[in-house]
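Structural characterization, general
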Amino acid sequence: MTDTAGTEEETVKEGASQGEVFFYHLTRSPLEVALPMLLDRSLQAGWRVCVRGPNAARLNWLDERLWLHPEDGFLPHGQTGGPQDAQQPILLTSNSDNPNDAQALMAIDGAEISEGDMRGHTRVFVVFDGNDPDAVAHARTQWMAVKSAGVTAKYWSQESGRWEMKASTAPEDA
């Protein structure tokens, strides 16, 4: 698979307009492969990141993987509830707050995003498993909520083996 998500000009760029929500439909890479790449690109853009998951067990699992991979690098991160939350470049949480003042929010495994999240972050990433029909259905519901909120939404798919933007809406399309 060609890794172009980080080289697509629209994927992560410093100074992007407020209120963009990017949907990443995982069909060829599991979360533990795709997420580190998205996190790295966000850090390169100078953003702090909050990764929101549905529960502590899943975040513990993700925390372990982020300490082990990527093998050729390091993604500085922590789990919410520690004394250094505000300083974490990447913070894993199941809460809806933003203790590290993140510019980017990555919602995984169906974690909810609010209109406040959409407007309060430079970029929101909704990362979902394309091989799970329930995850796809939930992402469609989230897409409609983003569109209804009048926020720009972009849908990225990796079905061709590389990341390609397949759909987008602008606020006036809502």
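Residues numbered from 1 in each chain as written. Predicted model: local features only at pLDDT ≥ 70, side-chain atom pairs only at ≥ 80, totals over all residues. Heavy atoms only, no water.

1. Remarks on the overall build of the protein chain
Scanning the protein chain from terminus to terminus reveals four helices and eight strands. The N-to-C order of helical and strand elements in the protein chain reads β-α-β-α-β-β-β-α-β-α-β-β. The buried share of the protein chain, taken over its 174 residues, is 45%. Look at the contacts in the protein chain between residues 6 or more apart in sequence, and 67% of them connect residues 24 or more apart. Carbon and sulfur atoms form 46% of the exposed surface of the protein chain, whose accessible area is close to 8200 Å². (Helix = DSSP H or I, 4+ residues; strand = E, 2+ residues; numbered from the N terminus. Buried < 20%, exposed > 50% of the residue type's maximum accessible area, 1.4 Å probe, protein only. Contact = heavy atoms within 4.5 Å. Areas by Shrake-Rupley, 256 points an atom, 1.4 Å probe, with all protein chains shown as cover.)

2. A look at the side chain of Q142
Looking at the secondary structure, you find Q142 in helix α4 (residues 133-148). For Q142, a relative accessible area of 6% gives the class buried. Leaving out residues up to four positions away in the same chain, Q142 has contacts with F23, A111, E112, I113 and V126.

3. Some remarks on the packing of helix α1 (residues 31-44) against helix α2 (residues 56-68)
Helix packing for two helices is described by the angle between their axes and how far apart those axes are. Orientation of α1 relative to α2, taken along the N-to-C sense of each, is 70°, at an axis distance of 11 Å. Looking at the two axes, α1 sits roughly perpendicular to α2. Considering the relative orientation of α1 and α2, their crossing is right-handed. For the pair α1 and α2, contact is made by L31, E32, L35, P36 and L39 and by R58, W61, L62, R65 and L66, respectively. Tallied by class, residues from the contact of α1 with α2 come to seven nonpolar, no polar and three charged. (Axes fitted to C-alpha atoms, helices over the stretch in contact; angles between N-to-C directions. Parallel < 35°, antiparallel > 145°, perpendicular 65-115°, else oblique. Left-handed = near helix turned anticlockwise from the far one by under 90°. Nonpolar A, V, L, I, M, F, W, Y, C, P; charged D, E, K, R; others polar.)

4. What about α4?
Here α4 contains 16 residues, and its C-alpha end-to-end distance of 23 Å stays within 8% of the 22 Å for a straight helix at 1.5 Å per residue. Here the buried face of α4 lies against β1 (20-26), α3 (115-120), β6 (123-129), β7 (152-157) and β8 (164-169). Of the residues that open α4, the one with a side-chain oxygen 2.9 Å from the backbone nitrogen of D134 is D132. G150 sits one or two positions beyond α4 and adopts a positive phi of about 75°. (Expected span 1.5 Å × (residues − 1). Polar contact = N/O pair within 3.5 Å; in protein donor to acceptor, adjacent residues only side chain to side chain.)

5. What about a nonpolar patch on the surface?
There is a patch of nonpolar side chains on the surface, built from W67, L68 and F74 and spanning about 370 Å² of accessible area. For F74, the location among the structural elements is in the loop between α2 and β3 (78-79). On the basis of relative accessible area, F74 is assigned to the exposed category, the value being 52%. (Patch = residues over 30% accessible without salt bridge, like charges linked within 9 Å, V, L, I, M, F, W, Y side chains within 5 Å. Salt bridge = Lys/Arg side-chain N within 4 Å of Asp/Glu carboxyl O.)

6. Some remarks on the nonpolar core
By size, the foremost hydrophobic cluster in this structure holds 26 residues, and its most contacted members are Y24, L35, L39, V51, M106, F125 and V127. Where this core is concerned, the elements lending two or more residues are β1, α1, β2 (49-52), α2, β4 (90-93), β5 (104-108) and β6. Setting aside chain neighbours within four positions, we find V127 in contact with Y24, L26, L31, L38, A107, I108 and D109. Membership of the second largest hydrophobic core comes to 20 residues, among which are C50, I113, F128 and A139. (Core = buried A, V, L, I, M, F, W, Y, C linked by side-chain atoms within 4.5 Å.)

7. Quick look at the environment of S148
Relative to the assigned elements, S148 resides in helix α4. We classify S148 as exposed; its relative accessible area is 63%. Along the backbone, S148 and E115 are 33 residues apart, and their C-alpha atoms lie at a distance of 9.7 Å.

8. Focus: the environment of V49
Note that V49 resides in strand β2. Separated by 49 residues in the primary sequence, V49 and N98 have C-alpha atoms spaced 9.2 Å apart. V49 has contacts with L39, S42, P89, I90, L91, N100, A102, A104 and M106, leaving out every residue within four places of it along the chain.

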